[in-house]
Amino acid sequence: MTRDLTKLDGHALHAALGAKECSYVDIVEAYLKAIVDRDGDIGSFLFIDEDGIRAAAESMDARLAAGEALPPLAGFVIAVKDNIAIKGMPATAGSRILEGYAPPYDATVISRLRAAGALMIGKTNLDEFGMGASTEQSGFHPTKNPHDVSRVPGGSSGGSAAAVAAGFCTAALGTDTGGSVRQPAAFCGVVGMRPTYSLVSRYGLIALASSMDTVGPLARTVADARALLAVMSGHDPADATTLPERGTSPRRGKTAVKGLRIGMPKEYLDGVTDSHVKKAYDAFCGRLRASGATLVDCSLPTTPHAIPTYYVLMPAEASSNLARYDGVRFGHPGRDDLGHRTVYAHLRGGRFGMEPKRRIMVGTFTLSEGYADRYYHAAQRVRTLIREDFKRVFDTVDLLVTPATPTVAFPLGSVTDPLDMYRQDMFMSAASLAGVPAISVPAAGMGTLPIGIQLIAPQGSDDLVLDVAESTTGN
Amino acid sequence: MKKERIDIDRIAVLSNLQLSDKDRTSLEKDFASIVDFVGELQRVDTTETDVTNQVTDLENVFRADDVVPFLHHRAIVEGSGRRHESLFRVPGVFDDGDPHDA
């Protein structure tokens, strides 16, 4: 067979398997070869499960040969961000403090994907515990952008986005707390979706900020992202916060955009500093108009408060979630010759990177006696205002369209101030705080570096986001 | 808005983090600017606004009180680098000085 299987999307691979034009083993070997050839320059993986995926591919081929029906995600080979548990594979969350830990169970998203015929190829790099927007803050190595290896892939799911863009997998899982699926998707030119909060189970996800953490797909096409989300979403008894089962709404197909009112929030457009991003955004809006949508100016006045609110609530929740890493139950055990507080403080001080230490400290400070009302509770109240802003704007428009990022991917090492790194998520955080679904889709190319456009919809309107994204990108 | 007085060493103790000199230098530089940055929220009028803890609008989520056998005890303990037979082994809790002297 001469066709390069790594160039196909999941639906094409599914069809090729169904037509017996290739086998699971062919697909897996094509990806493994691409990784060996090229991941040395990109660094998207922390662990590649070569033996495991070869065995799984052979077993799936045997089942198909025995006459089993083709499962819905047959042919999909998935790379998984290393903060999601896969039984027997390492799960470091990009941190040296979890080095050596391999969870004894699968996250719910993993068991659902497996049951649908998908195979897991390995674990991808991330900013430590998801804290970053460039994947430079991994405790292991930075990941490079496949479109230009002198630039970052975005983050924190930068390994997953780079792996999809480089053709190392069919699709990938990321996690999006404050933009960590959408922003790297934009920088790497792939589709990345943050679902409605709690649509997808968080069981088996290494928690960062529990009130905002979501698991989301990264893929080459909207159709593939939709296929993953359809399998992963739904109530999970192991995660009491998952939403009750919902029916899927009928696909709107090619007419998805016709008749919709789509808002262009001025606070987002004011933040764009890159003329290429502005041009790509205008061209995308032009396509929405041409497809029959009415585009209207709108305002979300609380937008400037989103980043400060996020950077109170996220560190506060993270300082609590990361308190469990003391070397006893997970990861590196630390020394054994001193009392418990000394052992814990020494291990945590030595094994957490600078960004987790900074955020644990900020979170501890904003939750501490005398400060909680001024910082933590104040941010919780502003979160209410941000949520109300979205509810109000969605009374007048069906959907919002914004640029995903203010600029294209920036050069490695060029953002050194923590606040400048936090501001990278200026178009991302508000949707996270409100719990609404949002997707980043690649806009028409402007030069060599990709640009992402974000669509944001009301809570529960994940299908609408996907329908509009699919009809606008043509895939 | 008044400038916060921030005691890095005190917060490090509360955070269970032993800081190196390099960490302390970095945090002394960044911490005040981060706190200033997020402190702007105090200027937002929220006198009539309730807090948002979560956005699912779910309340009182219960499950049936069924006893389900749990079979992973051994695998969980074996995942730890600190174990004694079927138990986690923790550092001593009585003889403890100031963690920042170590």
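Everything discussed here concerns the structure shown above.
Residues numbered from 1 in each chain as written. Chains lettered and ligands numbered in written order. Predicted model: local features only at pLDDT ≥ 70, side-chain atom pairs only at ≥ 80, totals over all residues. Heavy atoms only, no water.

## Quick notes on the overall build of chain B
To be explicit about the condition: The helix count covers DSSP runs of H or I at least four residues long, the strand count covers runs of E at least two residues long, and both are numbered beginning at the N terminus. Relative accessibility decides the category of a residue: with a 1.4 Å probe and only protein chains considered, values under 20% of the type maximum give buried, values over 50% give exposed, and everything between is partly exposed. Throughout, a contact is declared for two residues whenever any of their heavy atoms are within 4.5 Å. Each accessible area is a Shrake-Rupley result for a 1.4 Å probe, and residues are judged covered by the shown protein chains and nothing else.
The helix and strand inventory of chain B stands at three helices and two strands. In terms of principal-axis extent, the alpha carbons of chain B reach across some 55 × 45 × 20 Å. Classification of the 102 residues of chain B by burial places 29% in the buried group. Once local pairs closer than 6 in sequence are excluded, the contacts in chain B between residues at least 24 apart make up 40%. Carbon and sulfur atoms make up 49% of the accessible area of chain B, which totals about 7500 Å².

## Quick look at the overall build of chain A
Cut-off, in case you're wondering: The atom set for the radius of gyration is the C-alpha atoms, and the globule formula is 2.2 Å times the number of residues raised to the power 0.38. In this tally, Lys and Arg are treated as positive and Asp and Glu as negative; His is ignored, and so are the chain termini. One atom stands in for each charge, and that atom is NZ of Lys, CZ of Arg, CG of Asp or CD of Glu.
Regarding its fold elements, chain A presents 16 helices and 11 strands. Over its C-alpha trace chain A gives a radius of gyration of 21 Å, about what one expects of a compact globule, namely 23 Å for 475 residues. Its C-alpha atoms give chain A principal-axis dimensions of roughly 65 × 60 × 45 Å. Residues counted as buried form 64% of the 475 residues belonging to chain A. For chain A, the proportion of contacts with a sequence separation of at least 24, taken over those separated by at least 6, is 77%. Of the roughly 15300 Å² of accessible surface on chain A, 53% is carried by carbon and sulfur atoms. Within chain A, one finds 47 positive and 50 negative side-chain charges whose respective centroids are separated by 3 Å.

## Quick word on unusual backbone geometry
With omega at 10°, the peptide bond leading from G155 of chain A into S156 of chain A counts as cis. Here S156 of chain A is to be found in the loop between β3 (119–124) and α5 (158–166). Even without being a glycine, D57 of chain B presents a positive backbone phi close to 65°. When its relative accessible area of 55% is taken as the criterion, D57 of chain B is described as exposed.

## Remarks on the interface of chain A and chain B
What counts here: Computed with a 1.4 Å rolling probe, the buried area is the accessible surface lost when two parts are put together, summed over both parts. Here, a salt bridge means any Lys or Arg side-chain nitrogen found within 4 Å of an Asp or Glu carboxyl oxygen. Each residue receives one of three labels: charged for Asp, Glu, Lys and Arg, nonpolar for Ala, Val, Leu, Ile, Met, Phe, Trp, Tyr, Cys and Pro, and polar for the others, Gly being one of them.
The interface is formed by 65 residues belonging to chain A together with 59 residues belonging to chain B. Taken together, the two surfaces of chain A and chain B that pack against each other cover about 5500 Å², and 64% of this comes from carbon and sulfur. For the pair chain A and chain B, the interface holds three salt bridges. Of all the secondary-structure elements, those providing two or more residues to the side of chain A that touches chain B are α10 (303–321), α11 (340–351), α12 (354–367), α13 (373–393), α14 (418–422) and α15 (429–434) of chain A. Counting residues per element, the side of chain A that touches chain B draws most heavily on α13 of chain A, which supplies 11 residues. Classifying every residue of the side of chain A that touches chain B by side-chain character gives 33 nonpolar, 20 polar and 12 charged.

## A few points about a nonpolar patch on the surface
Residue and element names in this part refer to chain B. Going by this rule: Surface patches are defined over residues having more than 30% relative accessible area and no salt bridge, joining like charges when they lie within 9 Å and nonpolar side chains (Val, Leu, Ile, Met, Phe, Trp, Tyr) when within 5 Å.
On the surface, a cluster of nonpolar side chains totalling about 360 Å² of accessible area is made up of F70, I76, F88 and V90. Tracing the backbone through its elements, the reader meets F88 in strand β2 (residues 87–88). For F88, a relative accessible area of 30% translates into the label partly exposed.

## Observations concerning the side chain of N125 of chain A
Residue and element names in this part refer to chain A. This is how it is decided: Here a polar contact is taken to be a pair of N or O atoms separated by no more than 3.5 Å, where protein atoms must pair a possible hydrogen donor with a possible acceptor and residues adjacent in sequence count only if both atoms sit in side chains.
Mapped onto the secondary structure, N125 falls in the loop between β3 and α5. A distance of 2.7 Å separates a polar atom in the side chain of N125 from a polar atom in the side chain of S138. One polar contact links N125 to T143, side chain to side chain, over a distance of 3.0 Å.

## What about the packing of α12 of chain A against helix α2 (residues 21–39) of chain B?
Rules: The axes used here are C-alpha line fits, helices contributing only the stretch in contact, and every angle between their N-to-C directions lies in the interval 0 to 180 degrees. If an angle is under 35 degrees, it is roughly parallel; if it is over 145, roughly antiparallel; if it lies from 65 to 115, roughly perpendicular; otherwise it is oblique. Left-handed is the label given to a crossing in which the near helix is rotated counterclockwise from the far helix by less than a right angle, and right-handed is the label when the rotation is clockwise.
Direction vectors running N to C along α12 of chain A and α2 of chain B enclose 50°, while the axes themselves pass 11 Å from each other. Between α12 of chain A and α2 of chain B, the angle falls in the class oblique. Seen along the crossing, α12 of chain A lies across α2 of chain B with a hand that is right-handed. Of the residues in α2 of chain B, those touching α12 of chain A at M354, K357, R358, M361, V362 and F365 of chain A are D23, S26, L27, D30, F31, I34 and V35 of chain B. Residue composition of the contact of α12 of chain A with α2 of chain B, grouped by class: eight nonpolar, one polar and four charged.

## Some remarks on the pattern of salt bridges
Residue and element names in this part refer to chain A. Taken as a whole and judged by the stated rule, the model has 30 salt bridges over all chains. When the shortest N-O distance is used, the salt bridge between R226 and E470 registers 2.8 Å. With R226 in helix α7 (residues 222–232) and E470 in helix α16 (residues 462–473), this residue pair connects regions lying 244 residues apart in the sequence. The same class applies to R226 and to E470, which are both buried.

## Concerning the pairing of strand β4 (residues 171–175) of chain A
Residue and element names in this part refer to chain A. Threshold: Paired strands are those between which DSSP finds at least two bridges.
The element β4 is extensively covered by neighbouring structure, given that five of its five residues are classed as buried. Of the two faces of β4, both are covered, the one formed by A171, L173 and T175 as well as the one formed by A172 and G174. With five bridges joining them, β4 and strand β6 (residues 215–219) adopt antiparallel strand pairing. In the sheet register, L173 faces β6, and the bridge partner there is P217.

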